[in-house]
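# A closer look at the structure
Spelled out, the chains give:
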Amino acid sequence: MTDARPQDLLAGVVPDPVGTPAEGFGVYLHWPFCTAKCPYCDFNSHVRHQAVDQGRFAAALVSEMETMGRLTPGRTVTSIFLGGGTPSLMDPATVQAVLDAVARIWTVAGDAEVTLEANPSSVEAARFRGYRAAGVNRVSLGVQAMNDADLRLLGRLHDTAQAREAIEIARATFPRLSFDLIYARPGQTVEAWTAELEAAIRLAADHLSLYQLTIEPGTMFEALHKAGRIAVPDPDLAADLFVATQAITAAAGLPAYEISNHAAPGAESRHNLIYWRYGEYVGIGAGAHGRIALPGGRSRLATSTERMPEAWATLVEARGHGVTAVEAVDGVSAGDEMLLMGLRLREGIDPIRFEALSGRPFDPARIDDLLSHGMIEFLPDGRLRASSDGWFVLDAIVADLAA
Amino acid sequence: MSQTALTNIRNFAIIAHIDHGKSTLADRLIQATGTLTDREMTNQILDSMDIERERGITIKAQTVRLIYKAKDGVEYTLNLMDTPGHVDFAYEVSRSLAACEGSLLVVDASQGVEAQTLANVYQAIDNNHEIVPILNKVDLPAAEPERVKAQIEEVIGLDASQAVEISAKTGLNIEGVLEAIVTRLPPPKGDPDAPLKAMLVDSWYDAYLGVVVLVRVIDGTLVKGQKVRMMRTGATYEVDRVGYMTPKLIVTDKLSTGEVGVLTASIKEVADTAVGDTITDERKPTAEPLPGFRPAQPVVFCGLFPVDAADFEDLRAAVGKLRLNDASFSYEMESSAALGFGFRCGFLGLLHLEIIQERLEREFNLDLIATAPSVVYRMLLTDGSEIELHNPADMPDVMKIEEIREPWIRASIMTPDEYLGSILKLCQERRGVQVDLNYVGSRAMVTYDLPLNEVVFDFYDRLKSISKGYASFDYQLTDYKPGDLVKMQILVNAEPVDALSILVHRSQADRRGRGMCEKLKDLIPQHMFQIPVQAAIGGKIIARETIRALRKDVLAKCYGGDVTRKRKLLDKQKEGKKRMRQFGKVEIPQEAFIAALKMDD
């Protein structure tokens, strides 16, 4: 072998002509740029001090979609998600070009959800109308906190007033609106969080993502945490905060449908449900991940792309995609992945589907054990889910049920 | 090589505390006599096992023959006998010493005499050795040769005025040591015309030669082709090879009276040889075997189990191989409800246990769980029979036990006097009975009788920690005495964990039970439910702790890009679970089995 070019990992992949799975087919598009890196964030995001060549990146996203499209023939797209980084730094024209390409490559369902993540700053809110015109019908705002001191701690560039204004504009512009808040912040009490959450709910989004702050490896918060400069709530306080969150959102008509996600009935994120229900999705853009069905029904092709945006674009320009790692996930591992994702949902998982995918039944002793401790429960339709007590210790439950 | 006249032979051992420079001195003697070329020299040649080198201890006796042309113009044959330096191998040491006429007592010129040195010196004196004191490391700034000489005279009662002052490290005055060996140590005695009488000093397994036996010829001659009989085991062999070590094997035709050397005789296993046995001529045997023989007797037992049950066959093969080269180590299969299949192994002492465990893990690449070490108890049953108990899990019903006897030791501890108070307290807590207390300058030497079961676990660690490493400790087994011993069980989530059962003196039960429960509380990870951890004697709970239920684990966000990473984390978690042992519904990490017994008081 004298060919010095990196191997084309998708060259030998045989497409699976199954059609759209019942759990849906999603297209995830990653825009890897941010104005500033937040100290808690471990996502693939990069700060560029010169203008990003949006035409080049849009063309590369389209080119990579065309390649992925050939591996997923006959699918109907049920959801498109523009995530980041900060996709609200994209020009509306760039969004338009990318969404047009999705519709050219696949069939897009008439009721497809098209979500864009946005920062709640006035600059970005000015582009909302353009995104709507391009086809975006749902926006997810990174509000993160409802007090200015904590926004500064979290390294956010907006303040509470700007956030409120952005929420107003978004609500007027898009049919559906969600926003994110981070809680269990350093020094946060149950009382303070309760007040903040209640204020957030009054802003009348139909969907809230409420994340407990986790110290992720490689972030600035990790360095600060190690140095003892910031402290996060202990597991008991974290549990109390979680309990309070469940009670407040349920009372407000936004019950949890997933560990960190709350929605009015019918307003759940269809895109994220594809992940949690272990459906099929392609990951387009630098550092994006996909799960594509392989022939035979049980195994999946896990794809991930080059993380450095410019290197990713160069790869796409050379061979039509930036995939640098693929893994054939066999049935047993796919079963583990289905558990990891599905048990996060209030609706739980279908044991029959699990057995078909993994090729093994659950260990009855483990099931009995978890039932006897009230950690899991079976629903009348036979689905299995973590109980409300079990949700707290989901990692332990998944480890018990996994292969 | 021609026969050396008895008067030109010197057989000697080196007695030293760990780190006082025994191996370095041996290296220098080998170098100074030109026995090995510089190219062949590695540091600490005689300690050939990695563990021996790393830990600075000698496990197997070794010998090396040195040819030294002395100032009197005579060429002497010197046999250096390197002996194991640890109390666990006290019997092996005594046989090595019995094969020599004299000893070099090496003492660090700044540290002075340690307890371990003392025990070996007394053994050498018991063997009628002439002893030459050597002060090592005199070149170091902290050296106080005069103080240490005074100490040797005071503590041991040896004349230290003629002590040889050296630095083995730099090679200073090695000549002085060699001259002292030829002028101050006596030559061997023996009758060259009597029937063969040789002592089996040690034996080891060599991949090419088979079992190699180290011998000291007392009377007569040992020749190739000779039919010999081992008087204790009764086995007969034809001698294939005789020779001596330099430490390479040099084959000769015969070994004469007074000489130390080796033989091979198609002996299959080291276990077929007994240290201290008498080797004689099959046709013309000697009348009396040598005195002082004792069969190998394990005193400490513990269970060794593979972490991964699938490795059991590998463990079986590994213990079999080690046993080939170490007859003092014994094993029998054991099955534990908790740990699966493994072996109950017997050792000469705690160091021996550690060495074997480490060799199994390193040389055979095995992951092991070792259960708490226990001593051998003697049980007098109501039907008049007597049994030995190696494993607390096998204890008979208390109604059938008339009396339990436990082994006692006599321990000598030397310590700077500022730590004496804490050490006396430790000994008292461990049911010790003080026998003697002496002062030598600012050092105290205290002798205690202690039950071995109070010592086997962490006595030595505790002693080292309360004395900041300064106290030294040595012991010998004395006798078995009746004791008010009870079996204490540990219940985790109401299920007894057999691998954690121990026999304990009634007066210690509360303290040990509380200590173990507290330890386990920290060692067992939180589960989804509350876990009681209890210590019980019979049906009575004597201590209890509760491990709180896990209230919340990590609930980070999880989307499409997180699946692979989360699955890899899950795979790691599953790997970790494999290293846990399931007891009913509770998973106990393997390190808990040993750590639970360490007391922090």
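Our structure is the block above this text.
Criteria and thresholds
- Residues numbered from 1 in each chain as written.
- Chains lettered and ligands numbered in written order.
- Predicted model: local features only at pLDDT ≥ 70, side-chain atom pairs only at ≥ 80, totals over all residues.
- Heavy atoms only, no water.
- Helix = DSSP H or I, 4+ residues; strand = E, 2+ residues; numbered from the N terminus.
- Buried < 20%, exposed > 50% of the residue type's maximum accessible area, 1.4 Å probe, protein only.
- Contact = heavy atoms within 4.5 Å.
- Areas by Shrake-Rupley, 256 points an atom, 1.4 Å probe, with all protein chains shown as cover.
- Buried area = accessible area lost by both parts, 1.4 Å probe.
- Salt bridge = Lys/Arg side-chain N within 4 Å of Asp/Glu carboxyl O.
- Pairing = 2+ DSSP bridges.
- Axes fitted to C-alpha atoms, helices over the stretch in contact; angles between N-to-C directions.
- Parallel < 35°, antiparallel > 145°, perpendicular 65-115°, else oblique.
- Left-handed = near helix turned anticlockwise from the far one by under 90°.
- Nonpolar A, V, L, I, M, F, W, Y, C, P; charged D, E, K, R; others polar.
- 1 Å grid on protein atoms, 1.4 Å probe; cavity = no way out; pocket = protein on both sides within 12 Å on 5 of 7 lines; lining within 4 Å.
- Points joined across faces, edges and corners; volume = space filled by probe spheres on them.

## Considerations on the overall build of chain A
Helix and strand counts for chain A come out as 15 helices and 16 strands. Looking at chain A as a whole, 57% of its 403 residues are labelled buried. Within chain A, contacts between residues at least 6 apart in sequence are counted, and of these 71% link residues at least 24 apart. Total accessible area computed for chain A in this model is approximately 15,600 Å², and 56% of it derives from carbon and sulfur atoms.

## A word on the interface of chain B and chain A
In this complex, chain B contributes 28 residues to the contact, which on the side of chain A involves 48 residues. Considering only the side of chain B, the residues that lose the most area to chain A are B:Met528, B:Arg551 and B:Tyr559, jointly responsible for 22% of the buried surface there. Where chain B meets chain A, there are seven salt bridges. A salt bridge links B:Arg567 to A:Glu327; the nearest nitrogen and oxygen atoms lie 3.1 Å apart.

## Digging into the environment of B:Ala194
All names here are of chain B. Along the polypeptide, alanine 194 turns up in the loop between α6 (174-184) and β7 (197-206). For alanine 194, a relative accessible area of 19% translates into the label buried. Measuring from C-alpha to C-alpha, the distance between alanine 194 and glycine 220 comes to 5.0 Å, with 26 residues separating the pair along the chain. When residues no more than four places from it in sequence are discounted, the contact partners of alanine 194 are Asp219 and Gly220.

## Comments concerning the sheet that holds strand β12 (residues 241-245) of chain B
All names here are of chain B. Ordered in space as β11-β10-β16-β7-β8-β15-β12-β13, the eight strands form an open sheet in which the pairing is antiparallel. The open sheet has two edge strands with one neighbour each: β11 (236-238) and β13 (249-252). Going across the sheet, the axis of each strand differs from the next one's by a mean of 40°, ignoring polarity. With three bridges joining them, β7 and strand β16 (residues 278-281) adopt antiparallel strand pairing.

## Re helix α1 (residues 22-32) of chain B
All names here are of chain B. Burial in α1 covers these residues: Lys22, Ser23, Leu25, Ala26, Asp27, Leu29 and Ile30. The inward-facing, buried residues of α1 contact β1 (9-16), β2 (62-69), β3 (75-82), β4 (102-108) and α6. Two residues or fewer past α1, glycine 34 is found with a positive phi of approximately 65°.

## A look at the pairing of strand β11 (residues 280-284) of chain A
Within a regular beta strand, the side chains point alternately toward one face of the sheet and then the other, so they alternate between its two faces. Residues and elements named next belong to chain A. Among the five residues in β11, five count as buried, and that is most of the element. Pairing of strand β1 (residues 25-31) with β11, which is carried by five bridges, proceeds in the parallel orientation. Of the residues in β11, the one forming a bridge with leucine 29 is isoleucine 284.

## A short note on the sheet that holds strand β5 (residues 130-136) of chain B
Residue and element names in this part refer to chain B. Here six strands make up an open sheet; going across it, the order is β2-β3-β1-β4-β5-β6 and the pairing mixed. Where the open sheet ends on each side, the last strands, each with one partner, are β2 and β6 (164-165). Bridge count between β4 and β5: seven bridges; the pairing is parallel. Bridged to serine 103 within β5 is isoleucine 131. Helix-sheet contacts for helix α5 (residues 145-156) involve β4, β5 and β6, and the interaxial angle to β5 is about 150°.

## With respect to the packing of helix α7 (residues 190-201) of chain A against helix α9 (residues 235-251) of chain A
Residues and elements named next belong to chain A. It is the contact of α7 with α9, at a shortest axis distance of 10 Å, that shows an interaxial angle of 30°. Taken together, the axes of α7 and α9 lie roughly parallel to each other. Helix-helix and strand crossings are classified by hand; for α7 and α9 the assignment is right-handed. Residues Val190, Trp193, Thr194, Leu197, Glu198 and Ile201 of α7 touch α9, and the partners they reach there are Leu237, Asp240, Leu241, Ala244, Thr245, Ile248 and Thr249. Grouping the constituent residues of the contact of α7 with α9 by class yields eight nonpolar, three polar and two charged.

## Focus: the environment of B:Ala370
Residue position: B:Ala370 is located in strand β20 (residues 368-370). Remark: the alpha-carbon pair of B:Ala370 and B:Val307, spanning 63 residues in sequence, is separated by 9.6 Å.

## Side note on the side chain of A:Thr160
All names here are of chain A. Among the structural elements, threonine 160 can be located in helix α6 (residues 160-173). Using a relative accessible area of 12% as the deciding quantity, one classes threonine 160 as buried. Non-local contacts of threonine 160, meaning those with residues more than four positions away in its chain, are made with Met146, Asn147, Asp148 and Leu151.

## So, empty space enclosed by the protein
All names here are of chain B. Scanning all chains against the criterion turns up three cavities of 30 Å³ or more. Along the wall of the largest cavity there are 19 residues; nearest its centre are Pro373, Asn453, Val456, Leu503 and Arg512. At the level of secondary structure, the elements contributing two or more residues to the lining of the largest cavity comprise β21 (374-375), β30 (502-505) and α11 (506-523). It is β30 that provides the largest number of residues to the lining of the largest cavity, a total of three residues. Across the lining of the largest cavity, the residue classes break down as 12 nonpolar, two polar and five charged.

## Description of the pairing of strand β34 (residues 586-589) of chain B
All names here are of chain B. The two faces of β34 match: Val586 and Ile588 on one face and Glu587 and Pro589 on the other face are all buried. Pairing geometry for strand β33 (residues 580-583) and β34, over four bridges, is antiparallel. Residue pairing in the sheet places methionine 580 in a bridge with proline 589 of β34.

## Quick notes on the pattern of salt bridges
For the structure on display, the rule yields 45 salt bridges over all chains. Linking A:Arg270 and A:Asp111 is a salt bridge whose minimum nitrogen-to-oxygen distance equals 3.9 Å. Within this pair, whereas A:Arg270 is found in helix α10 (residues 270-276), its partner A:Asp111 is found in strand β5 (residues 107-118), the two being separated by 159 residues in sequence. Classification of A:Arg270 as partly exposed rests on a relative accessible area of 34%. The residue A:Asp236 makes a salt bridge to B:Arg551 at a minimum N-O spacing of 3.8 Å. Separated into two different chains, A:Asp236 in helix α9 and B:Arg551 in the loop between β32 (540-547) and α12 (563-578) make up a pair that spans both. Members of the salt-bridge network, linked through shared partners, are A:Arg291, A:Glu327, A:Glu337, B:Arg567 and B:Lys568.

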